[in-house]
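Remarks on the overall topology
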Amino acid sequence: MSELLEIAGLETGYGRIRILHGISLATTGSRNIGLFGPNGHGKTTLLRTISGLNRAWRGHVRFAGEDITHLAPRRIVERGLIHVSQGNRLFPDLTIAETLRLGAWPARARAAEARNLDRVVAIFPRLRERWHQQVRTLSGGERQMVSIATGLMSDPRMLLLDEPTLGLAPLLKDELCAAIGRISQAGVMLVVVEQDVEFLLDLADHLYLVNHGEIAAEVRPGETMDHQAIMEMYFGRSVSPMT
């Protein structure tokens, strides 16, 4: 039986600049994947290539046993693989309610729109309180909630989340982290790019360190690793706590 997401030998870049150098990874059962590493080393490019926004030069991406490497992004969305990009790319003049309805455009999502809307409200109760507000009036954390909620309205089998907590105030960050945990508990598999390694350790069972466009190290399901060990993996040397 194939895994939900399988990536083998993936290479891509921009112009003549190669960014990904033969990345291979796969989900294991129903476990989430966490991706971390230095900025500018290929994590966002990897998500964009999985979701069809960037063209793969070599290698392949398989989702639910199907080769989706060269499918158009909308075809990938129709299969239930949903990418929530970094940066809250929303229509500012739409209300929360209008934005969420846009998320339900795939055929599989339209059939489950009422169920998914109930799930969104349960996971993000703050959005119900602001249902008719324009997106432009929301805080950064609330806009990030709308972005992820819109992804949920597409009835995903898997969500790709790119830096979901970036730049958020601590209280909103904690609220969003808890909501992402509830998404996972509801049965949606996650691939999350995140700099907050502590959050990834709580959320994901399989972590990959992406460095210079390659998988430099990984934490496999069943392995335990504390913050100090992660820092040593990240920097490639012993890291002493600051005093």
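Within each chain, residues carry numbers counting from 1 in the order of the written sequence. Residues qualify for local features only when their pLDDT is at least 70, as the model is predicted, and side-chain atom pairs are given and counted only at 80 or more; totals for whole chains, interfaces and linings, by contrast, use all residues. Excluded from the side-chain calculation are hydrogens and water; included are all heavy atoms of the structure.

The next subject is the pairing of strand 9 (residues 206–211). Note on classification: 1.4 Å probe, protein chains only; a residue is buried when its accessible area is under 20% of the maximum for its type, exposed when over 50%, partly exposed between these limits. Secondary structure follows DSSP: runs of H or I at least 4 residues long count as helices, runs of E at least 2 residues long count as strands, and numbering of each begins at the N terminus. Of all six residues making up strand 9, five are buried, and the element is well covered by its neighbours. For strand 3 (residues 33–36) and strand 9, the ladder comprises four bridges, and the chain directions are parallel. Residue Phe36 lies in a different strand from strand 9, and its bridge partner there is Leu209. In short, DSSP must find at least two bridges between two strands for them to pair. By the bridge criterion, five bridges tie strand 9 to strand 10 (residues 214–219) in an arrangement that is antiparallel. Paired with Val210 across the strands is Ile215, a residue of strand 10.

It is worth spelling out the layout of surface pockets at this point. Approximately 640 Å³ is the volume found for the largest pocket. Elements represented by at least two residues in the lining of the largest pocket include exactly helix 2 (73–78), strand 6 (81–84), helix 3 (96–103) and helix 7 (140–153). Among the elements that make up the lining of the largest pocket, the one with the highest residue count is strand 6 (four residues). Residues are sorted three ways: Asp, Glu, Lys and Arg are charged, Ala, Val, Leu, Ile, Met, Phe, Trp, Tyr, Cys and Pro are nonpolar, and all the rest, Gly among them, are polar. Classifying every residue of the lining of the largest pocket gives ten nonpolar, nine polar and one charged. Here a cavity denotes grid points, spaced 1 Å and computed from the protein atoms alone, that fit a 1.4 Å probe unable to get out, and a pocket denotes an open set having protein on both sides within 12 Å along at least 5 of 7 lines; residues with an atom within 4 Å of a point are the lining. Grid points are joined across faces, edges and corners, and a volume is the space filled by probe spheres set on the points.

What follows concerns the packing of aromatic side chains. Aromatic ring pairs are described here by two measures, namely the spacing of the ring centres and the angle between the planes. Two rings from Phe, Tyr or Trp (for Trp, the six-membered ring) form a pair when their centres sit within 6.5 Å of each other. Planes less than 30 degrees apart are called stacked, planes more than 60 degrees apart edge-to-face, and all others tilted. For the coordinates displayed, the defined rule picks out zero aromatic pairs. As a reminder, the over-ring test applies to NZ of lysine and CZ of arginine, requiring each to be within 6 Å of the ring centre and within 35 degrees of the ring normal. Across the ring face of Trp131, the terminal group of Arg128 is positioned such that the distance to the ring centre comes to 4.3 Å.

Right, let's get into the sheet that holds strand 9. Strand order across the open sheet formed by six strands is 6-7-8-3-9-10, with mixed pairing between neighbours. The sheet terminates laterally at strand 6 and strand 10, the two strands that pair on one side only. Across this sheet, the average inter-strand angle for adjacent strands is 20°, counted without regard to direction. Pairs of residues are marked as contacts when any of their non-hydrogen atoms sit within 4.5 Å. In this description, a line fitted to the C-alpha atoms serves as the axis of each element, helices being fitted only across the stretch in contact, and the angle between N-to-C directions of two axes falls anywhere from 0 to 180 degrees. On the sheet, helix 1 (residues 43–50) packs against strand 3, strand 6, strand 7 (158–162), strand 8 (189–193) and strand 9 and is oriented at approximately 150° with respect to strand 7. The strands touched by helix 7 within the sheet are strand 6 and strand 7, with strand 6 carrying the most contacts at an inclination of about 170°.

To continue, consider the packing of helix 7 against helix 8 (residues 170–185). Orientation of helix 7 relative to helix 8, taken along the N-to-C sense of each, is 10°, at an axis distance of 10 Å. The orientation of helix 7 relative to helix 8 falls into the category roughly parallel. Of helix 8, the residues touching helix 7 (which contributes Gly141, Gln144, Met145, Ile148 and Leu152) are Leu172, Glu175, Leu176, Ile180 and Ile183. Tallied by class, the residues present in the contact of helix 7 with helix 8 amount to seven nonpolar, two polar and one charged. Angles are sorted into four bins: roughly parallel if under 35 degrees, roughly antiparallel if over 145, roughly perpendicular if 65 to 115, and oblique for all others.

With that settled, the discussion passes to the sheet that holds strand 2 (residues 17–26). Pairing is antiparallel in the open sheet, where four strands are placed in the order 2-1-4-5. Because the sheet does not close on itself, it has two edges, and the strands there are strand 2 and strand 5 (66–67). Sheet topology note: the strand 1 (residues 5–14)/strand 4 (residues 58–63) ladder contains five bridges and is antiparallel. By the bridge assignment for strand 4, Glu6 is matched with Arg62.

Below, the discussion takes up the pattern of salt bridges. The term salt bridge refers to a side-chain nitrogen of Lys or Arg lying within 4 Å of a carboxyl oxygen of Asp or Glu. One pass over the structure, following the stated rule, counts 13 salt bridges. Residue Glu78 pairs with Arg75 through a salt bridge whose shortest N-O separation is 3.2 Å. With Glu78 and Arg75 both in helix 2 and three residues apart, the pair spans about one turn of that helix. We classify Glu78 as partly exposed; its relative accessible area is 28%. Here the residues in one salt-bridge network are Arg126, Glu129, Arg130, Glu142 and Glu175, joined through shared partners.

This next bit is on the nonpolar core. By size, the foremost hydrophobic cluster in this structure holds 45 residues, and its most contacted members are Phe124, Ile148, Leu159, Ile183 and Leu190. Apart from residues lying up to four places away in sequence, Ile148 is in contact with Val84, Phe124, Leu159, Leu161, Pro164, Leu176, Ile180 and Ile183. Grouped together as the second largest cluster of nonpolar side chains are 26 residues, Ile33, Ala56, Leu81 and Tyr208 included. We define a nonpolar core as any set of buried Ala, Val, Leu, Ile, Met, Phe, Trp, Tyr and Cys residues linked to one another through side-chain atoms lying within 4.5 Å.

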